[in-house]
Amino acid sequence: MRTAYFIEEARRKQIIDAALQTIAEHGYTQTSFAEIAKSLGITKGLIAYHFNGKHDLITSAIHTILNRQGAYIRGRVEEETKGSAKLRVYIESSFEYISQNRSQFVALVDLWGSFTSPEEKKAFSDSAYDPCRAHLKKIFRIGVEQKEFTKFDEQSMASIIQGAIDGIMLQWVFDPKAVDLQESSRELSEMFVKRVKKN
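Residues numbered from 1 in each chain as written. Predicted model: local features only at pLDDT ≥ 70, side-chain atom pairs only at ≥ 80, totals over all residues. Heavy atoms only, no water.

Draft legend 1. Representation of the packing of helix α5 (residues 83-100) against helix α6 (residues 102-112). Between α5 and α6, the least distance of the axes is 5 Å, while the angle of their chain directions is 90°. Between α5 and α6, the crossing angle belongs to the class labelled roughly perpendicular. Counted together, Tyr97, Ile98, Ser99 and Gln100 of α5 and Arg102, Gln104 and Phe105 of α6 form the full contact between these two elements. (Axes fitted to C-alpha atoms, helices over the stretch in contact; angles between N-to-C directions. Helix = DSSP H or I, 4+ residues; strand = E, 2+ residues; numbered from the N terminus. Parallel < 35°, antiparallel > 145°, perpendicular 65-115°, else oblique. Contact = heavy atoms within 4.5 Å.)

Draft legend 2. Layout of the nonpolar core. Judged by nonpolar contacts, the single largest core of 56 residues is most densely connected at Ile47, Leu57, Leu87, Tyr90, Ile91, Phe140 and Ile161. For this core, the secondary-structure elements that each account for two or more residues are α1 (2-26), α2 (33-40), α4 (54-77), α5, α6, α7 (118-145), α8 (154-174) and α9 (181-196). Not counting residues up to four positions away in its chain, the partners in contact with Phe140 are Leu87, Phe149, Phe152, Glu154, Met157, Ala158 and Ile161. (Core = buried A, V, L, I, M, F, W, Y, C linked by side-chain atoms within 4.5 Å. Buried < 20%, exposed > 50% of the residue type's maximum accessible area, 1.4 Å probe, protein only.)

Draft legend 3. Focus on the side chain of Thr31. Relative to the elements of secondary structure, Thr31 occurs in the loop between α1 and α2. If near-sequence neighbours (up to four positions away) are discounted, Thr31 is found in contact with Thr22, Ile23, Ile36 and Lys54.

Draft legend 4. Representation of α4 within the structure. Over its 24 residues, α4 extends 35 Å from the first C-alpha to the last, a length consistent with the 34 Å expected when each residue adds 1.5 Å. Every buried residue belonging to α4 is among Leu57, Ile58, Ser60, Ala61, Ile62, Thr64, Ile65, Leu66, Gln69, Gly70, Ile73 and Val77, and all of these are buried. (Expected span 1.5 Å × (residues − 1).)

Draft legend 5. Inspection of the packing of α5 against α9 at higher detail. One way to put it is that α5 packs onto α9 with a least axis distance of 9 Å and a crossing angle of 160°. Considered as vectors, α5 and α9 are oriented roughly antiparallel to each other. α9 is crossed by α5, and the crossing has right-handed handedness. Taken together, the residues of α9 that come into contact with α5 (itself represented by Ser84, Leu87, Arg88, Ile91, Glu92, Phe95, Ile98 and Ser99) are Leu181, Ser185, Leu188, Ser189, Glu190, Phe192, Val193 and Val196. (Left-handed = near helix turned anticlockwise from the far one by under 90°.)

Draft legend 6. Geometry of the pattern of salt bridges. Following the criterion strictly, the structure yields 10 salt bridges and no others. Two residues, Arg76 and Glu96, come together in a salt bridge whose shortest N-O distance is 2.3 Å. One end of the pair, Arg76, is in helix α4; the other, Glu96, is in helix α5, with 20 residues separating them in the sequence. Residue classification places Arg76 among the partly exposed residues on the basis of a relative accessible area of 21%. Among the charged side chains, a salt-bridge network with shared partners connects Lys13, Asp17 and Arg68. (Salt bridge = Lys/Arg side-chain N within 4 Å of Asp/Glu carboxyl O.)

Draft legend 7. Representation of empty space enclosed by the protein. What the rule picks out here adds up to one cavity of 30 Å³ or more. Put simply, the largest cavity is a space of about 30 Å³. Lining the largest cavity are Ala19, Ile23, Thr31, Ser32, Phe33, Ile36, Lys54, Leu57 and Ile58. Those elements that provide at least two residues to the lining of the largest cavity are α1, α2 and α4. Residue contributions to the lining of the largest cavity peak at three residues, all from α4. Classifying every residue of the lining of the largest cavity gives six nonpolar, two polar and one charged. (1 Å grid on protein atoms, 1.4 Å probe; cavity = no way out; pocket = protein on both sides within 12 Å on 5 of 7 lines; lining within 4 Å. Points joined across faces, edges and corners; volume = space filled by probe spheres on them. Nonpolar A, V, L, I, M, F, W, Y, C, P; charged D, E, K, R; others polar.)

Here's what the structure looks like:
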C-alpha cells in the first residue's frame, strides 16, 4: 500500500509540474487537461483519476508552489541563530527561490487572477499570506527576546515585508529585464534589518 501511495504521489507531482509549465507557457485560460496530458504523453483520463476537475488541479498547483517556497525558506532560516540573520535570510531566500523557479511564479500570477468569487480570493490570500506572516512574526519575537530588535507592530511589519517581496516578484514576472532580483534582495534585506534593529 505504501508503494502504491508513493507512486500516486509521484504521478500527482508530475501532473502538477506539467500543469504549471503549461500555464506559464500558454496561460491559464488556454490550459486544459488535454494540453497537460499531451505534454506528459498520457491520457486526460489519467489526470482526471488524480484530480477532480481543473479547479482541483489548480488549487493543488497553487498549494504546491507555496509549500515548496515555504519549505525552502524555512530550511535556510533555521540555519541561523540571530534574529537579524534570520530576517536577512528570509528575504534573501525568498528571492533565491523565486529566481530559480520562474515558470512557477509566472503561472502563480496568472492563477492569482483566475479566481472570481470573494471566497476563492479570501482562501488564496489566507493560504498565501498567513504562513508568511506567522513565520516573520516568529523571527521578530526571536530578535526581541535576544534584545536585538526594537518593539514594533509585528502584523504590520510582516505584511509590509511580504508585500515588498511579492511586489518585486510581480514586476519581475511581467518584465524580468526591468527588475534585478539580486539587487532588490540586497536592498530590502539591508533596509528592513536596519529598521527593526535597536540603534
